[in-house]
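Here are the chains, one letter per residue:
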Amino acid sequence: MSDCLVIGGGVIGMMSARTLVMAGASVTLLDQRECGKESSWAGGGIISPLYPWHYDDLTNELSFASQLVYADLCLQIFEDTGIDAQYLKSGLLMMDEYDLPLAIQWINKYNIYYQHHADGVLFANIAQVRNPRLLKALKVDILNKGVNIIEHIQANDLLIKDNQVIGVKTKNKDYFAQDVIVCSGAWSSKLLRLTDEVFPMKGQMIVLKSTKDVVENIVLDQGRYIIPRADGRILVGSTMENVGFDGRIDIGVQKLLHEFAYQRFPALLNAKIEYQWSGFRPASLSGKVILGKHEQFEHLLINTGHFSNGLNMAPASADKIKQLIINA
Ligand SMILES: Cc1cc2nc3c(=O)[nH]c(=O)nc-3n(C[C@H](O)[C@H](O)[C@H](O)COP(=O)(O)OP(=O)(O)OC[C@H]3O[C@@H](n4cnc5c(N)ncnc54)[C@H](O)[C@@H]3O)c2cc1C
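Residue numbering note: each chain is counted from 1, following its sequence as written. Totals for whole chains, interfaces and linings use all residues, but because this is a predicted model, local features are given only for residues with pLDDT of at least 70 and pairs of side-chain atoms are given and counted only at 80 or more. With hydrogens and water set aside, each side-chain value is computed from the structure's full complement of heavy atoms.

The chain carries the name FAD dependent oxidoreductase in an unreviewed UniProt entry, which gives Ruthia magnifica subsp. Calyptogena magnifica as its organism.

Structure follows, in structure tokens:
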């Protein structure tokens, strides 16, 4: 029996496992597939909400708290694993909405640093990570720190005794723990019995092969964005599709995203489209992160519903879970 059983090995589950094992807990993590292959892999890795004024205070606070630690966290994990998550303060150029009253209110409320730019405003402190690399590094890091990772095992149901969660059922075996933490992304509702449902919001993206000098900053306009990676590759995203767990990609979206990119940077017209993919953001009916103790069952904690912001909120969300368990 472990102290903590984490269900789901995306960025949320692995960062939760990391903070718990570092606080001295014995941790087992189950993933129905492989760690770090779902939404956390599919994301863009921008360490900020897009149009943050549309989000609630909790999302903003978790994002700001995470932004403060991300650079050091990536450096520490690099030192410990040799894998560079490529944290890069590339800044974000916002071409629309920045002059809305709501945006100005947000800038003043949180005292946000920005610069005027010919095409909009530049939030120079916004960074990105190469999320697939961060996930690879996190997996190695938590294994080295002693987390027992068990992949290709699906938690099918909670084990409950006298209103307390004591573990989970899987096909062949029951796993027991002092505390169970559900970090199952878009699949979380299958396990949890919550009033606030979690459901998948599909997003498609493409990556273009380009050179380093074409795009300098992350660019955001009309809900779509362009992310320049350190090696010159350029990600373009993304869609919001409420279609259940249908992960198919389509050529129409590919064209749309490519067009969005080369209309702003004509040099990208002939750039090779290397790959297109999709992922399922964990959306919640309330539109809010679901983070904390379960409303009904004891020893059940939840860390999900991060929607478009799981990569940027992960460190602070994980820390909150640790505080709830270790300081209980
Ligand atoms: C196209 C796109 C772009 C995005 N861009 C950004 C961005 O730039 N910045 C940002 O912050 N966020 C971004 N996001 C959102 C971000 O990716 C998610 O919020 C985040 O990855 C959620 O992490 P997670 O660990 O909860 O989910 P996931 O990464 O999906 O992980 C959940 C894990 O749980 C496992 N699992 C599920 N059910 C079970 C079960 N019953 N038993 C065992 N294992 C289970 C799954 O196999 C999976 O590995 C983007 C998302 C998409 C799709």
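**Overview of the overall build of the chain**
What counts as a helix is a DSSP run of H or I of at least four residues, what counts as a strand is a run of E of at least two, and both are numbered from the N terminus. Looking only at helices and strands, the chain features seven helices and 16 strands. The dimensions of the chain, computed from C-alpha atoms along their principal axes, are 60 × 40 × 40 Å. For the chain, with 328 residues in total, the buried portion stands at 54%. Whether two residues are in contact is decided by their heavy atoms, any of which lying within 4.5 Å being enough. Taking the intrachain contacts of the chain between residues at least 6 apart in sequence as the baseline, contacts between residues at least 24 apart amount to 73%. The Shrake-Rupley method, run with a 1.4 Å probe sphere, supplies the accessible areas, and residue values consider only the shown protein chains as cover. For the chain, the accessible area works out to roughly 14800 Å², and carbon and sulfur atoms hold 50% of it. Burial classification: accessible surface area is computed with a 1.4 Å probe over protein chains only, and a residue below 20% of its type maximum counts as buried, one above 50% as exposed, and the rest as partly exposed.

**A few points about unusual backbone geometry**
For the peptide bond that leads from Gly237 to Ser238, omega is -15°, which places it in the cis range. Its location among the elements puts Ser238 in the loop between strand S13 (234–237) and helix H6 (251–264). Positive phi, normally seen in glycine, also occurs at Glu97, with a value near 70°. Take Glu97: its relative accessible area is 24%, and that puts it in the partly exposed class. Residue Gln222 is not a glycine yet carries a positive backbone phi of 50°. Position of Gln222 among the secondary structure elements: in the loop between strand S11 (218–221) and strand S12 (224–228).

**Points about the site of the ligand**
Around the ligand, 39 residues are found, and the nearest of them are Asp31, Ser40, Phe307, Ser308 and Asn312. Ile46 places a main-chain nitrogen or oxygen 2.9 Å from an oxygen atom of the ligand. Between an oxygen atom of the ligand and a main-chain N or O atom of Leu311, the distance comes to 3.0 Å. Expressed as a share of its isolated accessible area of 1000 Å², the protein-covered part of the ligand is 98%. The set of elements that each furnish at least two residues to the shell around the ligand consists of helix H1 (11–22), strand S2 (27–31), helix H2 (39–42), strand S10 (198–209), strand S14 (272–284) and helix H7 (310–326). Only Asp, Glu, Lys and Arg are considered charged, only Ala, Val, Leu, Ile, Met, Phe, Trp, Tyr, Cys and Pro nonpolar, and every remaining residue, Gly among them, polar. Here the residues of the shell around the ligand are counted per class, giving 15 nonpolar, 20 polar and four charged. All domain edges in this entry derive from an automatic or database-based domain assignment. For the shell around the ligand, the domains that each give at least three residues are domain 1 (1–89 + 126–196 + 286–328) and domain 2 (198–284). Whether a residue is near a molecule or strand depends on its heavy atoms: if one lies within 4 Å, it is near. Polar contacts, as used here, are pairs of N or O atoms within 3.5 Å; protein pairs need one atom able to donate a hydrogen and one able to accept it. Residues neighboring in sequence count only if both atoms are side-chain atoms.

**Digging into the domain arrangement of the chain**
Quoted interface sizes are often the accessible area lost when the parts come together. Examined at the domain level, the chain breaks down into domain 1 (1–89 + 126–196 + 286–328) and domain 2 (198–284). On a C-alpha basis, the centroid separation for the pair domain 1 and domain 2 is 25 Å. Contact with domain 1, which involves 30 residues of that partner, is made by 29 residues of domain 2. Put simply, buried area is how much 1.4 Å-probe accessible surface two parts lose in total, over both of them, once they are put together. The contact between domain 1 and domain 2 buries some 2300 Å² in all, and 63% of this surface belongs to carbon and sulfur atoms. For the domain 1 face of the interface with domain 2, the top three residues by lost area are Arg130, Ala186 and Phe307, together amounting to 25%.

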